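Residue strings, one per chain:
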Amino acid sequence: MKIVADDKIPFLKGVLEPFFEMVYLPGGKIGPADVRDADALITRTRTRCDRALLAGSKVGFIATATIGFDHIDTAALRELGIDWTNAPGCNAASVAQYLACVLADFRIPLAGKTLGVVGVGNVGSRVVRVGEAFGMRVLQCDPPRAEREGGSRFRPLDELVAEADFLTFHVPLERGGGHPTFHLADAALLAAMKPGAVLINTSRGEVVDGSALKAALQAGSIGGAVLDVWEHEPEIDLELLELVRLGTPHIAGYSTDGKANGTAMSVQAVGRHFGVIEYTGWTPYSLPVPEQPLIRLDAALPESEQLSAACRASYDIRFDDAQLRADPAGFERQRGNYRIRREPPAYRIEGGAPVVRTALAKLGFQLA
Ligand SMILES: O=C(O)[C@H](O)[C@H](O)COP(=O)(O)O
């Protein structure tokens, strides 16, 4: 049995070889000739899985080691009789870590500020917890869940837009259907945002109308933007990059922990699909330990500084921002060569004010 896999999936090499013939290729370059005699694919988002790639191939199963699956033409796969799976929630904690670092980077007292979370699935739910850990007022919007679950937990989008100091998007990219999200943040939404509010997008670039965002930032009608995902990436709008407060190359979900989870879920799915029991509970054995797992905090500093210092010690978002600004054409290279980045549970906090320690514990940091 042959499996073609994206060569940027960490912890995968050597794992499936005892049972499968493995071929590793750059995800964006996997073409029809590569998959013709493959039984399965393990991909990330850069492999467009559609009829053009798969028609006439032997492929019967695709596992994408990612949360998003907008690169998979699910209707075509259904017609072609190809099963598929994604890795829901695999990097939710990583995106939450990114959001915590974004918010802490403002170095303002966050308690009492309003965080609007649009899309409350695996990722959005973790982001809600970040806002709560920081003492923020958190408003949640998820129309599909509101329809299914009812109740008062979910609020209309226009309420979040009008009230949020930080408005963050965690929706899948949907171009049609009952709840389309393509250009959900358009000129009208941006115009309705609370003055001074900040828009954050870590979902998919096309969820935000980049031209409208650029115009809003140029006009100063919103307070700022933080973008991890971009329309037309990796060819991103350089003027927009100049205007955003923080800009990163689609790496919010790129913690080592998150990638390992995605790989594990894909290997397990392959095990289940092909009935190879050895893989159905597989996880990578151990993840690299951070260079500085102990974070010492100075309780004499303002609380917002302590929070920001702890978040930055676990993940320095400004490093990713600086790299992208220095070399925007290196977008894919920066993703491909991404460094080891561990999530909060890999760090221990020593010192710090009690309120800061409590917030950090809620983010998953260990307390020394
Ligand atoms: O959908 C996801 O899981 C995330 O957007 C993830 O960061 C995508 O990573 P990629 O497959 O593009 O490397």
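Residues numbered from 1 in each chain as written. Predicted model: local features only at pLDDT ≥ 70, side-chain atom pairs only at ≥ 80, totals over all residues. Heavy atoms only, no water.

Give me the overall build of the protein: which residues, what numbers.
A count of helical and extended segments in the protein gives 15 helices and 14 strands. A globule of 368 residues ought to have a C-alpha radius of gyration of about 21 Å, and the protein, at 21 Å, matches this closely. Taken along its principal axes, the extent of the C-alpha atoms in the protein is 60 × 45 × 45 Å. Residues counted as buried form 54% of the 368 residues belonging to the protein. Relative to all contacts within the protein whose residues are 6 or more apart in sequence, the contacts with residues 24 or more apart total 61%. (Helix = DSSP H or I, 4+ residues; strand = E, 2+ residues; numbered from the N terminus. Rg over C-alpha atoms; globule rule 2.2 N^0.38 Å. Buried < 20%, exposed > 50% of the residue type's maximum accessible area, 1.4 Å probe, protein only. Contact = heavy atoms within 4.5 Å.)

How would you explain the nonpolar core if you had to name every residue and give the values?
Judged by nonpolar contacts, the single largest core of 49 residues is most densely connected at Tyr98, Val102, Phe134, Met136, Phe166, Leu360 and Leu363. For this core, the secondary-structure elements that each account for two or more residues are α4 (92-105), β6 (114-118), α5 (122-133), β9 (198-201), β12 (294-297), α12 (303-314) and α15 (354-362). When residues of this core are sorted by domain, at least three fall in each of domain 2 (91-247) and domain 3 (294-367). When neighbours within four sequence positions are excluded, Phe134 is seen to be in contact with Ala100, Leu103, Leu110, Ala111, Leu307, Cys311 and Leu363. Formed by 32 residues, the second largest nonpolar core is a distinct cluster that contains Ala164, Leu189, Leu240 and Phe331. (Core = buried A, V, L, I, M, F, W, Y, C linked by side-chain atoms within 4.5 Å. Domains from an automatic or database assignment.)

Could you give me a rundown of the UniProt feature "domain: D-isomer specific 2-hydroxyacid dehydrogenase catalytic" (unreviewed entry) in the protein, with the residues and numbers involved?
With numbering matched to this structure, UniProt assigns "domain: D-isomer specific 2-hydroxyacid dehydrogenase catalytic" (unreviewed entry) to residues 34-253. As a span, residues 34-253 carries 34% helix and 16% strand, and end to end its C-alpha atoms are 28 Å apart. (UniProt positions renumbered as here; feature names shortened; annotations may be inferred.)

Any details on helix α13 (residues 317-326)? Residues and values, ideally.
Where α13 is concerned, the buried positions are Ile317, Asp320, Asp321 and Leu324. Within α13, the buried residues cover an arc of 100 degrees as seen down the axis, which keeps them to one side. On its buried face, α13 is in contact with α4, α10 (238-243), β11 (246-247) and α14 (331-336). Put simply, Asp316 is the residue that caps the front of α13, since its side-chain oxygen is 3.1 Å from the backbone nitrogen of Arg318. (Arc of directions from axis to C-beta. Polar contact = N/O pair within 3.5 Å; in protein donor to acceptor, adjacent residues only side chain to side chain.)

Quick one: what's the story with the site of the ligand, residue by residue and with numbers?
Around the ligand lies a shell formed by Arg44, Thr45, Thr66, Ile67, Gly68, Asn91, Arg204, His250, Tyr254 and Arg335. Between the ligand and Thr45, the relevant distance is 2.4 Å, taken from an oxygen atom to a side-chain nitrogen or oxygen of the residue. Contact between the ligand and Gly68: an oxygen atom at 2.7 Å from a main-chain N or O atom of the residue. Surface burial for the ligand is 94%, taken as the share of its 350 Å² of free accessible area covered by protein chains. Residue composition of the shell around the ligand, by class: 2 nonpolar, 5 polar and 3 charged. (Near = heavy atom within 4 Å. Areas by Shrake-Rupley, 256 points an atom, 1.4 Å probe, with all protein chains shown as cover. Nonpolar A, V, L, I, M, F, W, Y, C, P; charged D, E, K, R; others polar.)

Which residues make up the state of the cysteines, and what are the values?
Scanning the model with the defined rule gives 0 disulfides in all. With no disulfide of its own, Cys101 has Cys311 as its nearest cysteine by sulfur position, at a separation of 4.8 Å. (Disulfide = S-S within 2.5 Å.)

Help me get a handle on the pattern of salt bridges, residues and values and all.
Summed over all chains, the structure comprises 23 salt bridges. For Asp70, the salt bridge identified is with Arg204, shortest N-O distance 2.9 Å. Of this pair, Asp70 sits in the loop between β4 (61-64) and α3 (74-80) while Arg204 sits in the loop between β9 and α9 (210-219), placing them 134 residues apart in sequence. Under the relative-accessibility criterion, Asp70 is labelled partly exposed at 32%. A relative accessible area of 13% means that Arg204 is categorised as buried. For Glu163, the salt bridge identified is with Arg137, shortest N-O distance 2.5 Å. (Salt bridge = Lys/Arg side-chain N within 4 Å of Asp/Glu carboxyl O.)

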